[in-house]
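Given next are the chains, with one letter for each unit.
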Amino acid sequence: MIAAIPRGAGLQGEETVSPSEPTAERSDPSARTEDDAQLARESGLWDAFLAAGNLRKALSRVQANRGAPGSDGMTTKELGPWLAAHWPEVRRALDEGTYRPSPVRRVTIPKPDGGERLLGVPTVLDRLIQQAIAQVLVPIFDPAFSSSSYGFRPGRSAHQAVRAAVSHIEAGCRQVVDLDLERFFDRVCHDVLMARVARKVKEPKLLRLIRAYLEAGVMVEGVKQATEEGTPQGSPLSPLLSNIMLDDLDSELEKRGHRFVRYADDVRIFVRTRRAAERVMAGVTGFVEGRLHLKVNREKSSVRPASSATLLGFGFFFASGGRVKVRVAPKAVKRLKARVRKLTGRSWRVSMELRIGALNKFTRGWMAYFRLAETPNVIAHLDKWLYRRLRQVRWKEWKRYSAKRRNLRGLGIPARDARRWAISSKGCWRIAGSPVLQRALPRAYWDGLGLQSLSQSWLRLRTTT
């Protein structure tokens, strides 16, 4: 529940908001409506940004997203009551141009392919203000963005980007330029970015506030560090600003007549020959570094056949008749297995009920994203591996000879086989793959415990989407 906001504070009206749950795969649907755009045109961007309805929507969004506290330690639950007492002074500071955003809290998370990704966690108050800004700017900028841009846009998704890639490959563009923008979010030049924002935003106070967020700094182990470039990855404004920054790249690619897909800073360009692909790589690299003042990572950027290219965790392969199909990329399978190993590891001492619940939660989300994959045999193979992992867990739980023998007998294994396997010195993983344990703990056993297999989820999702 959101605490009541006093009238005259700029958030008057509804006292509670019950936000709808956002979908897992689709990009943020931040308020791209004709009403929003009309409000911005008629009342001016500053008034539209601080309108009660826009602020309520932003507050709802921030509280629905929850997230960790920023550098001041305030949680999303504490934000409503705090606003009830302090919003008038915040509003006054915004209007007078004296509001100073707090530095973001630096967080590092491991990248799937090694290294670390730097995230910036704004305070919940700054997340509210940034969300409110984004909601008035999205209807202004988004309609003019390229139809080949899919990341963090209303009504667009990663799945649409993958389907577009399939159509480009089927059209004969079987060489893929994979352009890797080195530390994109950390390297964005503030002056270059603000010049592009100012093309459509003429409100000086709003431009100053956006720049203030870019220059707010970061807190690293209690010490504030200045930020002379970059836009913090993890803030509500960051996705929109990244699309504004890279819109010139989209326009240049369209002007050159290229087929391409961009999802945030993930760029793939599809051409017919390797020679053309290498020429495109050189030309686009020059544009990115010369015009946008960004850096292309030449070690990670590549030219490769479509059959070995990846996009957003998906890969591609050619079926009979020249049809292009989608598969899960090897790295995504590797990450799945790493997560399942943690959930089925001996160091996590929980009941089987809790373990299966955690597995179901993870695999449901994973399969909802990777439902585009057209490789049922691969998914069935992953299921076999998952069942074997669980059989290994169960075998370790039984521990002693007497428990192993008794449980095997209770599961229908003949006495002689039960005795022989109960005293076996073979390793747990080998026994988990043995015929006797597969008979004792078949799929029906795990179904009875509530386990949802990847294949079941895949079939259900494929028939409903």
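Residues numbered from 1 in each chain as written. Predicted model: local features only at pLDDT ≥ 70, side-chain atom pairs only at ≥ 80, totals over all residues. Heavy atoms only, no water.

> I keep staring at the packing of helix α4 (residues 76–96) against helix α5 (residues 124–141) and nothing clicks. Help me out?
Between two packed helices, both the angle of their axes relative to each other and the distance between the axes serve to describe the pair. Contact geometry for α4 and α5: axes closest at 10 Å, N-to-C directions at 65°. Crossing hand, α4 versus α5: right-handed. Mapping the contact onto sequence places T76, L79, W82, L83, W87, V90 and L94 in α4 and V124, L125, R127, L128 and I129 in α5. By residue class, the composition of the contact of α4 with α5 is ten nonpolar, one polar and one charged. (Axes fitted to C-alpha atoms, helices over the stretch in contact; angles between N-to-C directions. Helix = DSSP H or I, 4+ residues; strand = E, 2+ residues; numbered from the N terminus. Left-handed = near helix turned anticlockwise from the far one by under 90°. Contact = heavy atoms within 4.5 Å. Nonpolar A, V, L, I, M, F, W, Y, C, P; charged D, E, K, R; others polar.)

> Explain the nonpolar core here, please?
Across soluble globular proteins, nonpolar side chains show a tendency to be buried alongside one another. Ranked by internal contacts, the top residues of the largest apolar core, which has 69 residues, are F49, L94, I129, I133 and L137. When residues in this core are grouped by element, the largest group, eleven residues, is from α5. In this structure F49 touches N54, L55, L94, I129, A132, I133, V136, L206 and L209, once residues within four positions along its chain are discounted. Grouped together as the second largest cluster of nonpolar side chains are 60 residues, Y150, A164, W395 and V436 included. (Core = buried A, V, L, I, M, F, W, Y, C linked by side-chain atoms within 4.5 Å. Buried < 20%, exposed > 50% of the residue type's maximum accessible area, 1.4 Å probe, protein only.)

> Any chance you could explain the packing of aromatic side chains here in plain terms?
Each aromatic ring pair is characterised by the separation of its centres together with the angle its planes make. This structure, assessed with the given rule, holds nine aromatic pairs. Ring centres of F152 and Y263 lie 5.8 Å apart, and the angle between their planes is 50°; this geometry places the pair in the tilted category. Taken together, the positions of F152 in the loop between α5 and α6 (158–170) and Y263 in strand β6 (residues 259–263) put the pair 111 residues apart, joining distant regions of the chain. Cluster of aromatic residues (ring-pair linked, three or more members): F314, W366, Y369 and F370. It is R156 that lies over the ring of Y150; its NZ or CZ is 4.8 Å from the centre. When the ring centre of W385 is taken as origin, the NZ or CZ atom of K337, which lies over that ring, is 5.2 Å away. (Phe/Tyr/Trp six-rings, centres within 6.5 Å; stacked < 30°, edge-to-face > 60°. Lys NZ or Arg CZ within 6 Å of the ring centre and 35° of its normal.)

> Quick question: what am I supposed to make of helix α13 (residues 352–369) here?
Side chains of residues three or four places apart in an α-helix project in the same direction, reflecting 3.6 residues per turn. Here α13 contains 18 residues, and its C-alpha end-to-end distance of 26 Å stays within 8% of the 26 Å for a straight helix at 1.5 Å per residue. Within α13, the full set of buried residues consists of M352, R355, I356, L359, N360, T363, W366 and M367. Seen along its axis, α13 keeps its buried residues to an arc of 145°; they face one direction. Projecting away from the buried face of α13 at angles above 90 degrees are the exposed residues E353, L354 and K361. Close packing links the buried residues of α13 with β11 (324–328), α12 (330–343), α14 (376–398), α19 (443–448) and α20 (454–464). (Expected span 1.5 Å × (residues − 1). Arc of directions from axis to C-beta.)

> What's the story with the side chain of S235 in this structure? I'm lost.
Considering the arrangement of structural elements, one finds S235 in the loop between β5 (223–225) and α10 (238–255). Accessibility expressed as a relative area gives 7% for S235, which makes it buried. In this view, S235 contacts G120, P122 and Q130; residues no more than four positions away in its chain are not counted.

> Would you take a moment to explain the sheet that holds strand β8 (residues 302–305) for this structure?
Backbone-to-backbone hydrogen bonds join strands into a sheet, with any given pair of strands oriented parallel or antiparallel. Overall, antiparallel pairing links the four strands, which are arranged β6-β7-β3-β8 in an open sheet. The open sheet has two edge strands, β6 and β8, and neither has a second partner. On average, each strand axis in the sheet is tilted by 20° relative to the strand beside it, whichever way the strands run. Of the strand pairs in this sheet, strand β3 (residues 175–180) and strand β7 (residues 266–271) are connected by six bridges, and their pairing is antiparallel. Along β7, the bridge assignment pairs L179 with V267. (Pairing = 2+ DSSP bridges.)

> Teacher, can you tell me more about the environment of E397 here?
Here E397 lies in helix α14. For E397, a relative accessible area of 33% corresponds to the partly exposed category. As a C-alpha pair, E397 and R349 span 48 residues in sequence and 9.7 Å in three-dimensional space. Apart from residues no more than four positions distant in its own chain, E397 is found in contact with V350 and M352.

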